Amino acid sequence: MSEAAGAPRRLRVFLETRRTDSWWAFQLFTLLVLTAFVAYATQRVFVDAHYEWGPYLSPFYSPVLFGDSRHALFGPKPEWWPSWAPFSPALLILAIPAGFRFTCYYYRGAYYKAFWADPPACAVGEPGLRGRRFRGEHRWPLILQNVHRYFLYLSVVVVGFLAYDVYLATQFEDGFGIGVGTVLFAVNIVLIAGYTFGCHSMRHLLGGRRDVLPKSAIGRACYQGCSRLNRRHMLFAWLSLFTVWSCDVYVRLLSMGVIRDIRIL
Amino acid sequence: MTAHPTRRVTLRIWRGDRNDGRFVDYVADVDEGMVVLDAVHLVQATQAPDLAVRWNCKAGKCGSCSAEVNGMPRLMCMTRIDQLPADEPITVEPMAAFPLVRDLVTDVRWNYEVKKKIRPFRPRKPDAADGTWRMDQEDVDRVQEFRKCIECFLCQNVCHVLRDHDKHAEFIGPRFFVYAAALEMHPLDTEDRLADLRHRDGIGYCNITKCCTVVCPEHITITDNAIIPLKERVADRFYDPIRRALRVLFGD
Amino acid sequence: MAHGYERHDCEVLVIGAGGAGLRAAIEASAAGARTAVVMKSLLGKAHTVMAEGGMAAALAHVDDRDSWKVHFADTMRGGQYLNQWRMAEIHAKEAPERVRELEAWGALFDRTADGRILQRNFGGHRYPRLAHVGDRTGLEMIRTLQDHGVHQGIDFHMETTAFRLLKDGERIAGALCYERERGRFVVFRARAVVLATGGIGRAYRITSNSWEYTGDGHALAYHAGASLMDMEFVQFHPTGMVWPPSVRGVLVTEGVRGEGGVLRNRDGHRFMFDDIPENYRNQTATDPDEGWRYVIGDKNARRPPELLTRDHVARCINREIKAGRGSPHGGVYLDIAWIREKLGDAAREHIRRKLPSMYHQFKQLAGIDITVEPMEVGPTVHYIMGGVRVDPETQMSDVPGLFAAGEVAAGLHGANRLGGNSLSDLLVFGRRAGLYAAQYARSVSDPTLDEDDIQRAAAEALAPFERDGGENPYALQRELQDLMQDLVGIVRTEAELLRALEGIARLRERARNVSVGGNREYNPGWHTALDLEPLLTVSEAITRAALERKESRGGHFRDDYPNKDPQYGAFNLVVRKAADGTMQLERRPLAPMPEELTRIIEEQK
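Residues numbered from 1 in each chain as written. Chains lettered and ligands numbered in written order. Predicted model: local features only at pLDDT ≥ 70, side-chain atom pairs only at ≥ 80, totals over all residues. Heavy atoms only, no water.

K.L.:
A description of the overall build of chain B should follow, citing residues and the corresponding values.
P.N.:
Helix and strand counts for chain B stand at 10 helices and seven strands. Projected onto its principal axes, the C-alpha positions of chain B cover 70 × 45 × 25 Å. Here chain B, with 252 residues, has 68% of them falling under the buried criterion. Pairs at least 24 apart in sequence give 62% of the contacts found in chain B among residues at least 6 apart. As displayed, chain B has an accessible area near 8500 Å², and 52% of this comes from carbon and sulfur atoms. In chain B, 37 positive and 39 negative side-chain charges are present, and the distance between their average locations comes to 4 Å. (Helix = DSSP H or I, 4+ residues; strand = E, 2+ residues; numbered from the N terminus. Buried < 20%, exposed > 50% of the residue type's maximum accessible area, 1.4 Å probe, protein only. Contact = heavy atoms within 4.5 Å. Areas by Shrake-Rupley, 256 points an atom, 1.4 Å probe, with all protein chains shown as cover. Lys, Arg positive; Asp, Glu negative; His and termini not counted. Charge placed at Lys NZ, Arg CZ, Asp CG, Glu CD.)

Shown next, in the form of structure tokens:
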């Protein structure tokens, strides 16, 4: 036996750990991807153009409440909109999916770790500054995360529109058709729906709030289906993030004339 | 009989008590299939008879031999040496979130005190004439997952609210959210623990890092199946104005 | 210099916090007695958590032909009629109530389709009888008792070992214990003491038992003047893991066979059909098909031979291995994956659902997926039928005020215990011990402690620190385990037993010279040194009783007397400490059974 280099047992120094695996890799991935996405979306939200092409409407902008688009539900940009304020349909609607994801139980855990380093990863030392003053979601401001369920309710409506957009994406000028964009939209809606309907708040609504699960066949199927999706919530969260992003980029590039849509059918 | 190849490993074990301590390297020849606890026992029997380690069943069922192996909270009896990196010393140290007693043994009594505070099971009146109840397997399933808990306290140890923020006085930790969930979702239970969970038990301190789920040797989906559903129930009661209005209008 | 100690007064002191100890404490404290519990481990870690299969109780939820009478007859047949019939009767009658009570305290058993407690098949039980929770029934039970008990004002002392029972004249007066953590002595003055310390598995090398099972209660009672009975009957569980070497002995639940698992030798032959004992022939399937039909609930089918009693299955496995027909690592194959032939793809899910901890145990420790591959298994020391001789009604031993319940008590199981009868034993007799201990405590005054006794015992406990360069306690324990495994194992002969006695005597000499270093704080070396005495005492008792019983019956098999001898079926062997300190053996005739019980046994033949 021999004495090893004496290190303090308590791991209270930022990033200190005796883990030997690459614990930082996934945190770095989360940090980079979410940063890139938020940066892209923030820039995008102020762009009142290039959100539709042919039968495709970018999911960042759907549903279009007001705007110079045939998809607009309530006509063009309203009169009362201050002239000095930037405007885009996305500005009106993107808060819903953004809020839904920001308050999502999965993303919360992910960005608390990757962005706040609270903790940087499991069993890895935190910046000492928070110490016992740590509030978590126990107090203001993060107690507001409990609003998640309301974003869910709104998101379900948005999912309805996105599903309708997939139908629209088959209605080309020359009639029914399928393009690469259509396929992209279809995959996106499946993943978005998988993400939305596997939400923890949804699971709560469908049965989690009761001590006895629903006994009707439909009620049971709903709860079990939701639970199954919930088990893959993280996967759906990431994949749907990538597909929704891809859909917007695709439509944008089409609209800008950088690329051309390929018709499959 | 096949031969059992032995392998020489270095175990870097924490030795010390409340006041002082250090890592000490021990070299041991381990057999195929040996777990970290076997190696620690080997060291104990041949090199360090007073090396303190808490263990019991050595089959992952009692949850006594919790420690940190290569920095990760684990049961020593379920961590196979051949699944750890071969050429580096294996560090074995006591759990960080609890006071040290000696060597690998920590004082986990706080956990027992916490449990005492949680309101006990209170069943509804029996359903059947013979004084028993009827329950569907499906409803029981959900709670049975929580009752797999072996109280190894690894989740308590890895939870940064306890480990880094020392919230032992205001936060009961993942183990006891699982315990509370098992009671709250028990088909027979009639007790109400939501106010306790929000205030005294500090469920809001949990920021869903899921580290508890990662380290659970019983593979209980602690965060998604126990803590978040409880957070949702607490939100129903305290943070959801529509729910609250409905409750006022129509009762629960 | 006088040794210091902390003193506690209570009315009932329970030693051990497994199923029996907790149940006793709950009952005693509910009866109004001030109750303290000492335990070697943390609360909720006792060996009961290792019980997997279930607890036997004739609830008749799955097969309505079941009743306490059938359960009673099964228990007696399994025990080769050496059981205390009154205990078997009480057990069969009270077990259902104890199971239901557990449910009322929050336990969640697996359910039948109509929402009642589900029961599963097990060896030696005629009908599906074991209330269970997957394969972690013991955990469910201990957690339920623990969570119920902590709200009852019971005084729990964790990681505290009882070292010596204290007496006031003939009656019990308390116990001297030491805290493992700080090494301090604690003296409990108690009007009644309930022993619930479990078994002796650590006297053997290959065992399913945890380190705690060092025969403490057996030895404490023996030295306090109580009698030990049926000590020759050690149960080898047929299926322990055999590979990798470090997990050799870890239990593989009988539930695997209850769910349809079959035993095969190296050649793939299902050898259990080769040898079916006469008294079970009527109840055993004649071909694999009938066996499978039994497993899936066909009431007209008889059980497969894998579900014969443990003593018999263990010997059959031993025979295959000895004959060179074993598996590569010296076991036989236990195959549950084969049920895919019957259930198709659903089989995997079924196995993982009914046997989750077996699935993980093999996956993690042996790298084997039991849903596709067979397991390698071999016999492992699991249980001792023998223990403190107690009154069947009250569980009081020969020493006034000293009670025993659970594995440390003898009588219920006779020569062989049926799987599933242990958990119900803990509840039924744990409750009775607690109840009658509280009653007894109310009927007597506080005892007086003898300070000299306490000081003598404390000095003895600390003696290993006084010596330098003596024997290594770990090495001695290991030697004893090897000796018992090799000479007093599953098959015994006179010559080997005699050698074992000599070996034990020599080890006892060396144990007097054990030394330990370090200080008293959480010092496992010291603890191991103190565990040697009880281990040696129970080893000697087992060996002496095994020598005396010149026949083969239940868990006791003598190669030199391979048959059952009716003459030996008329008495139990009892061990006592004589005035000169030597171990004495006597034959104690069985109490005559009332006619109505004899009739039940005849009817159930």
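K.L.:
Break down the interface of chain B and chain C for me, with residues and values.
P.N.:
Listed by partner, the interface residues are 61 residues for chain B and 64 residues for chain C. Here chain B packs against chain C, burying approximately 5400 Å² in sum over the two surfaces, 53% of which is carbon and sulfur. If you sort the residues of chain B by the area they bury against chain C, B:Asn56, B:Lys61 and B:Arg147 come out on top, with a joint share of 14%. A salt bridge links B:Glu151 to C:Arg143; the shortest N-O distance between them is 3.6 Å. (Buried area = accessible area lost by both parts, 1.4 Å probe. Salt bridge = Lys/Arg side-chain N within 4 Å of Asp/Glu carboxyl O.)

K.L.:
Quick one: what's the story with the confidence of the model for chain C, residue by residue and with numbers?
P.N.:
On average, chain C scores 96 in pLDDT, and the residues at 70 or more come to 100%. Both scores are available for the predicted complex, with the pTM at 0.95 and the ipTM at 0.96. (pLDDT = per-residue confidence, 0-100.)

K.L.:
For the domain arrangement of chain C, give the residues involved together with the corresponding values.
P.N.:
Residues and elements named next belong to chain C. Splitting chain C by domain gives domain 1 (6–51 + 79–93 + 135–235 + 382–451), domain 2 (243–379) and domain 3 (462–569). Each of domain 1 and domain 3 has a C-alpha centre, and the two are 22 Å apart. Contact with domain 1, which involves 34 residues of that partner, is made by 38 residues of domain 3. Summing both sides of the interface, domain 1 and domain 3 together bury roughly 3000 Å²; the carbon and sulfur share of this comes to 58%. Scanning the region where domain 1 abuts domain 3 turns up four salt bridges. For Asp482, the salt bridge goes to Arg205, with nearest N and O atoms at 2.9 Å. Across the side of domain 1 that touches domain 3, the residue classes tally to 17 nonpolar, seven polar and 10 charged. (Domains from an automatic or database assignment. Nonpolar A, V, L, I, M, F, W, Y, C, P; charged D, E, K, R; others polar.)

K.L.:
Provide a residue-level description of the packing of helix 1 (residues 19–30) of chain C against helix 4 (residues 137–149) of chain C, including the pertinent values.
P.N.:
Residues and elements named next belong to chain C. Between helix 1 and helix 4, the least distance of the axes is 10 Å, while the angle of their chain directions is 30°. Classified by the interaxial angle, the pair formed by helix 1 and helix 4 is roughly parallel. In this structure, helix 1 meets helix 4 at a crossing whose hand is left-handed. The residues of helix 4 that touch helix 1, namely those facing Gly19, Leu22, Arg23 and Ile26, are Met141, Ile142, Leu145, Gln146, His148 and Gly149. When the residues that make up the contact of helix 1 with helix 4 are grouped by side-chain class, the tally is five nonpolar, four polar and one charged. (Axes fitted to C-alpha atoms, helices over the stretch in contact; angles between N-to-C directions. Parallel < 35°, antiparallel > 145°, perpendicular 65-115°, else oblique. Left-handed = near helix turned anticlockwise from the far one by under 90°.)

K.L.:
So what's going on with empty space enclosed by the protein? Which residues, and what values?
P.N.:
Residue and element names in this part refer to chain C. Evaluated as defined, the whole model comprises 13 cavities of 30 Å³ or more. Of the pockets and cavities examined, the largest cavity occupies roughly 660 Å³. Lining of the largest cavity is provided by 50 residues; of these, His47, Thr48, Gly198, Tyr213 and Glu407 occupy positions nearest its centre. Listed by contribution, the elements that provide at least two residues to the lining of the largest cavity are helix 1, strand 7 (160–168), strand 14 (375–384) and helix 12 (421–443). Grouping the constituent residues of the lining of the largest cavity by class yields 18 nonpolar, 24 polar and eight charged. Counting only domains with at least three residues in the lining of the largest cavity, you end up with domain 1 (6–51 + 79–93 + 135–235 + 382–451) and domain 2 (243–379). (1 Å grid on protein atoms, 1.4 Å probe; cavity = no way out; pocket = protein on both sides within 12 Å on 5 of 7 lines; lining within 4 Å. Points joined across faces, edges and corners; volume = space filled by probe spheres on them.)

K.L.:
Please set out helix 7 (residues 288–295) of chain C residue by residue, giving values where relevant.
P.N.:
Residues and elements named next belong to chain C. Of all the positions in helix 7, only Glu290, Gly291, Trp292, Tyr294 and Val295 are classed as buried. Where helix 7 is buried, its residues meet helix 6 (255–258) and helix 9 (340–343). The opening residue of helix 7 is Asp287, an N-cap whose side-chain oxygen sits 3.0 Å from the backbone nitrogen of Asp289. Taken from the residues just after helix 7, Gly297 is the one with a positive phi, measuring 100°. (Polar contact = N/O pair within 3.5 Å; in protein donor to acceptor, adjacent residues only side chain to side chain.)

K.L.:
Just give me the short version of the side chain of B:Asp240, but keep the residues and values in it.
P.N.:
Tracing the chain through its elements places B:Asp240 in the loop between helix 9 (222–238) and helix 10 (241–250). Look at B:Asp240 and you get buried, because its relative accessible area is 3%. Apart from residues no more than four positions distant in its own chain, B:Asp240 is found in contact with A:Arg149, A:Tyr150, A:Tyr153 and B:Ala235.

K.L.:
Account for the packing of helix 4 of chain C against helix 12 of chain C, naming residues and giving values.
P.N.:
All names here are of chain C. At a minimum axis distance of 11 Å, the contact between helix 4 and helix 12 shows a crossing angle of 15°. With respect to helix 12, the element helix 4 is oriented roughly parallel. Here the hand of the crossing between helix 4 and helix 12 comes out left-handed. Across from Thr137, Gly138, Met141 and Leu145 in helix 4, the residues of helix 12 making contact are Leu423, Leu426 and Leu427.

K.L.:
Please give an account of the domain arrangement of chain B that cites residues and values.
P.N.:
All names here are of chain B. When the domains of chain B are assigned, the result is domain 1 (7–106) and domain 2 (109–250). Between the C-alpha centres of domain 1 and domain 2 there is a distance of 31 Å. Across the contact, 15 residues belong to domain 1 and 16 residues belong to domain 2. Buried surface at the junction of domain 1 and domain 2, both sides included, amounts to about 1100 Å², of which 64% is carbon and sulfur. When the area that domain 1 buries against domain 2 is broken down by residue, the three leading residues are Pro73, Ala97 and Phe98, summing to 44%. Applying the counting rule to domain 1 against domain 2 returns one salt bridge. We note a salt bridge from Glu68 to Arg163, for which the minimum N-O separation is 2.9 Å. Inspection of the domain 1/domain 2 interface yields six residue pairs in polar contact (both at pLDDT 80 or more). The element best represented in the side of domain 1 that touches domain 2 is strand 4 (residues 72–75), accounting for four residues. Its residues assigned to classes, the side of domain 1 that touches domain 2 comprises nine nonpolar, three polar and three charged.

K.L.:
Residue-level account of the nonpolar core, with values.
P.N.:
Within the largest apolar cluster, 275 residues are counted, with the highest numbers of intra-cluster contacts made by B:Met76, C:Leu13, C:Ile15 and C:Tyr204. The dominant element in this core, judged by the number of residues it contributes, is helix 16 (residues 524–548) of chain C, at 12 residues. Other than its neighbours up to four places away in sequence, B:Met76 contacts B:Val35, B:Val36, B:Leu37, B:Val40, B:Val53, B:Cys65, B:Ala67, B:Val69, B:Val92 and B:Leu104. A:Leu34, A:Tyr106, A:Tyr250 and A:Leu254 belong to the second largest nonpolar core, which has 51 residues in total. (Core = buried A, V, L, I, M, F, W, Y, C linked by side-chain atoms within 4.5 Å.)

K.L.:
An account of the sheet that holds strand 4 (residues 119–120) of chain C is needed here, citing residue identities and associated values.
P.N.:
Residues and elements named next belong to chain C. Strand order in the open sheet made by the three strands is 3-5-4, with antiparallel pairing throughout. Two strands close off the open sheet at either side, each with one partner strand: strand 3 (55–56) and strand 4. With two bridges connecting them, strand 3 and strand 5 (residues 130–131) associate as antiparallel partners. Within strand 5, the position partnered with Ala56 by the bridge is Leu130. (Pairing = 2+ DSSP bridges.)

K.L.:
Can you explain the interface of chain A and chain B? Please cite residues and give values.
P.N.:
Each partner contributes residues to the interface: chain A has 56 residues there, and chain B has 65 residues. Taken together, both faces of the contact between chain A and chain B bury some 5300 Å²; the carbon and sulfur share is 48%. Counting every contact that joins chain A to chain B gives 11 salt bridges. For the salt bridge of A:Lys215 with B:Glu138, the shortest nitrogen-to-oxygen distance reads 3.5 Å. Applying the counting criterion to the chain A and chain B interface returns 34 residue pairs in polar contact (both at pLDDT 80 or more). In terms of residue count, helix 7 (residues 200–208) of chain A provides more of the side of chain A that touches chain B than any other element does, seven residues in total. A class-by-class count of the residues in the side of chain A that touches chain B yields 20 nonpolar, 14 polar and 22 charged.

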